[in-house]
Amino acid sequence: MIRSVVLRFSKYIKATRESSDLFVDSLVTCYSKKTTFIGIMLLLISFGVFASLTPDALINGDAALYTQQIASFDFSQRTVHLGYYLLGAAFTVLLPGSNDYTLNLMNCFFGALSISLLYLMTLTLCRKQTLAVVSSLFWATNFIFVRNALYAEVYMTGTFFLLLALQLWLLNKPVLTGLSFALSTLIAPSSIFAVPCLIILRARKKALLQLGATTFVILTVALLPHYNDYLFGDRGLLIAAGRPINIGSAILKECKEIAYGFFLYIPFLLAGIVQLVKEKRLHVFGVAIFGLWLFNFLLGERFGDVPTQLPTYALFCLLGGLGFHLFSTILRKVANRGRTNRLLVAFVVLTLVVGISSFRVFRLISKKNHELVGYRNTVLKVSKITSPDYLVVGKWGQGVLFHHYAFQELYTKHRTNTGWFTEHWINVGRLLKVAGGKREQLESIEKWQEAIASGQEIWILQKSPSLFSDLRKEGYAIEPFRTIYRATKRIQPPTANQA
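So, a few notes on the structure that sits alongside this text.

Conventions adopted
- Residues numbered from 1 in each chain as written.
- Predicted model: local features only at pLDDT ≥ 70, side-chain atom pairs only at ≥ 80, totals over all residues.
- Heavy atoms only, no water.
- Helix = DSSP H or I, 4+ residues; strand = E, 2+ residues; numbered from the N terminus.
- Buried < 20%, exposed > 50% of the residue type's maximum accessible area, 1.4 Å probe, protein only.
- Contact = heavy atoms within 4.5 Å.
- Areas by Shrake-Rupley, 256 points an atom, 1.4 Å probe, with all protein chains shown as cover.
- Core = buried A, V, L, I, M, F, W, Y, C linked by side-chain atoms within 4.5 Å.
- Pairing = 2+ DSSP bridges.
- Axes fitted to C-alpha atoms, helices over the stretch in contact; angles between N-to-C directions.
- Phe/Tyr/Trp six-rings, centres within 6.5 Å; stacked < 30°, edge-to-face > 60°.
- Lys NZ or Arg CZ within 6 Å of the ring centre and 35° of its normal.
- Arc of directions from axis to C-beta.
- Salt bridge = Lys/Arg side-chain N within 4 Å of Asp/Glu carboxyl O.
- Expected span 1.5 Å × (residues − 1).
- Parallel < 35°, antiparallel > 145°, perpendicular 65-115°, else oblique.
- Left-handed = near helix turned anticlockwise from the far one by under 90°.

1. Describing the overall build of the protein
Move 1: For the protein, the count of helices and strands is 22 helices and five strands.
Move 2: Burial analysis of the protein (499 residues in total) assigns 51% to the buried set.
Move 3: Taking the intrachain contacts of the protein between residues at least 6 apart in sequence as the baseline, contacts between residues at least 24 apart amount to 72%.
Move 4: Within the structure as shown, the protein displays about 24300 Å² of accessible surface, and the carbon and sulfur contribution to it stands at 65%.

Below is the structure:
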């Protein structure tokens, strides 16, 4: 069965290779003044909007670790994201102000660039200005994309350079493609899953050799000094690749991402698939998109919080533009009231779906910003009012962010021999025996019991009935403090004998 499918796929690729090469080689990108103007306007407007929305706060513990590594120019750890650290270091040196905000702005910049890039890519493939603008609008108002464009993480920059590599590959620039592809892989290793997509788009030995050689040289030079950490470190490539995939969870994750990201655009996405099938000239591109999705799904969906398919969703927006074009074509055939009315109906529909989607994304982002800024302000307030001897209990990401905001340093700077908790923090997962090894769990419990016995002030970063119960039994009073909880030992009144 599998062999039959592979053989049929191979025959299909062989039959379409000649036509696809003719298609790709004959591409004429209309870099007119109009195209340049639209691309620049998309960049400036989207960057302005993103910069106004991004907060001076980080989205998770990983972002805090990367920020601290960049601030200390420490590129020897977690080297699977080496390219991101180098870009981040350049931005933080060039731009004044908080590193948290600067790195968020960097993501805003590359997010805005990717909108303009998708516009150019769509124009390259479909040669229709309206279709290209619609595709970029769909991308600019996709919640999964906007979330990654506003907050400092590795996936937006990696996606931009991968899309740039695809565009350069379409324009038959194999060396430049290799350069962009290598940088994308240095930022996010999941970019390597795009190799089948590149091969399908241009299955020519000379071009592939140039692409491969360029990529190999850049990756070798960059990673050779740190190959051990890159492959076998805590976040090493082989460690991540060894994690099993849960097909059910992966399907559910991607369904949620498509529902959240595309929302009202899903009908246009489905119509775009129909249009893709109708246009023989785009068949190879359709197979390439499918290959990109399939390899990301089978090899990349290992973590629930990693948007592995982000580059694929950009190309899905291109399909959404094709779907809108099909909708306009059907409208032209059905309506008999003149071209002006048909254009008006299409414009109204587009305005409604983009407007509603934009408002929805704005509401979701505003809620997230309130949460992130609220937590940062809470931590800063705690660091001012708490006693020097205190303990923080929370999830890994919360604890790392707490340490980042309170001390502006890597939490690993104060690691013990077991390498996982700091002087001020216990990982609640290990304390409740749901994470970590037995030794780490026992040390967490010991540290917790010592803190209670000595009457330390304890800050708990999320609601935890079991921990609250333990504390109350030992005479602690627990009260909410903004977004977290403060536990302090009650002062016992003196007994008659003591008096």
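2. Focus on the nonpolar core
Move 1: Ranked by size, the top nonpolar core spans 114 residues in total, and within it Y84 and W139 carry the most contacts.
Move 2: Here the element with the most residues in this core is helix 5 (residues 99-126); it accounts for twelve residues.
Move 3: If sequence neighbours within four positions are ignored, Y84 has contacts with Y66, I70, L103, M106, N107, A152, E153, V154, T157, L186 and I187.
Move 4: Counting residues in hydrophobic clusters, the runner-up holds 17 residues, among them I445, F468, L471 and Y476.

3. Details of the sheet that holds strand 1 (residues 390-394)
Move 1: Here five strands make up an open sheet; going across it, the order is 2-1-3-5-4 and the pairing mixed. In this open sheet, the two strands that pair with only one neighbour each are strand 2 (425-427) and strand 4 (476-481). Strand-to-strand twist in this sheet, taken as the mean axis angle between neighbours without regard to direction, amounts to 20°.
Move 2: Two elements, strand 1 and strand 3 (residues 457-460), share four bridges in a ladder whose sense is parallel. From the neighbouring strand, V393 faces strand 3, where its bridge partner is I460.
Move 3: Relative to the sheet, helix 22 (residues 465-473) contacts strand 1, strand 3, strand 4 and strand 5 (484-489), its axis offset from that of strand 4 by approximately 135°.

4. Let's talk about the environment of S464
Move 1: Its place among the elements puts S464 in the loop between strand 3 and helix 22.
Move 2: Along the chain, S464 and Y485 lie 21 residues apart, while their C-alpha atoms are 9.6 Å from each other.

5. A word on the packing of aromatic side chains
Move 1: All told, the structure shown has 27 aromatic pairs when counted by the stated rule.
Move 2: For the ring pair W293 and F297, a centre distance of 5.3 Å and an interplane angle of 15° mean the geometry is stacked. Taken together, the residues span about one helical turn, with W293 and F297 both in helix 16 (residues 283-300) at a distance of four residues.
Move 3: Geometrically, the ring pair formed by Y313 and F316 is tilted, given 6.0 Å between the ring centres and 50° between the ring planes. Separated by three residues within a single helix, Y313 and F316 lie in helix 17 (residues 310-334), roughly one turn from each other.
Move 4: Following the ring pairs from residue to residue traces out a cluster consisting of F47, F91, F109, F110, F160 and F161.
Move 5: Above the face of the F263 ring, R360 is positioned so that its terminal group lies 4.3 Å from the ring centre.

6. Here we look at unusual backbone geometry
Move 1: A positive phi angle, close to 55°, is found at F73, a residue other than glycine.
Move 2: With a phi close to 50°, R78 is a non-glycine residue in the positive phi region.
Move 3: Relative to the helices and strands, R78 is located in the loop between helix 3 (61-71) and helix 4 (82-94).

7. Quick notes on helix 22
Move 1: Of all the positions in helix 22, only L467, F468 and L471 are classed as buried. Projected down its long axis, helix 22 shows its buried positions confined to an angular sector of 100°, all on one face. Along helix 22, exposed side chains directed more than 90 degrees from the buried face belong to P465 and K473.
Move 2: Against strand 1, helix 20 (428-431), helix 21 (438-453), strand 3, strand 4 and strand 5 lie the buried residues of helix 22.
Move 3: G475 lies just past helix 22 and shows a positive phi near 85°.

8. So, the pattern of salt bridges
Move 1: A complete count under the given rule lists eight salt bridges for this structure.
Move 2: For K253, the salt bridge identified is with E257, shortest N-O distance 2.8 Å. Here E257 and K253 lie together in helix 14 (residues 247-262), a separation of four residues that amounts to about one turn.
Move 3: Of the charged contacts, one joins R486 and E457 as a salt bridge, the two residues approaching to 2.6 Å between their closest N and O atoms. Taken together, the residues R486 in strand 5 and E457 in strand 3 connect sequence positions 29 residues apart. Comparing R486 with E457 shows no difference in burial state: the two are buried.
Move 4: Taken together, the shared-partner salt bridges in this structure form one network comprising K253, E257 and E301.

9. Description of helix 6 (residues 129-140)
Quick reminder: α-helices carry 3.6 residues per turn. Residues three or four places apart thus point the same way.
Move 1: In this model helix 6 runs 16 Å from its N-terminal to its C-terminal C-alpha over twelve residues, within 8% of the 16 Å that 1.5 Å per residue would give.
Move 2: Of the residues making up helix 6, those classed as buried are L131, A132, V134, S135, S136, F138 and W139.

10. A short note on the pairing of strand 3
Move 1: On strand 3, burial covers both faces: E457 and W459 on one face and I458 and I460 on the other are all buried.
Move 2: Pairing between strand 3 and strand 5: three bridges, direction antiparallel. Across the sheet, the residue bridging to W459 is R486, located in strand 5.

11. A closer look at the packing of helix 2 (residues 33-53) against helix 5
For any two helices packed against each other, the geometry is given by the interaxial angle and the distance between the axes.
Move 1: Look at helix 2 against helix 5: their axes get within 9 Å of each other, and the N-to-C directions meet at 150°. Comparing their axes, helix 5 and helix 2 come out roughly antiparallel. At the point where helix 2 passes helix 5, the crossing takes the right-handed sense. Residue-level inspection shows K34, T35, I38, G39, L42, L43, S46, F47, F50 and A51 of helix 2 in contact with helix 5, the latter providing Y101, L105, C108, F109, G111, A112, L113, I115, S116, Y119, L120 and L123.

12. A short note on the pairing of strand 4
Move 1: Strand direction decides the pairing type here: strand 4 and strand 5, joined by six bridges, are antiparallel. Looking at the pairing, Y476 lines up with K489 of strand 5.
Move 2: Counted along the chain from strand 4 to the antiparallel partner strand 5, the turn is two residues long, and its residue R482 has a positive phi close to 55°.

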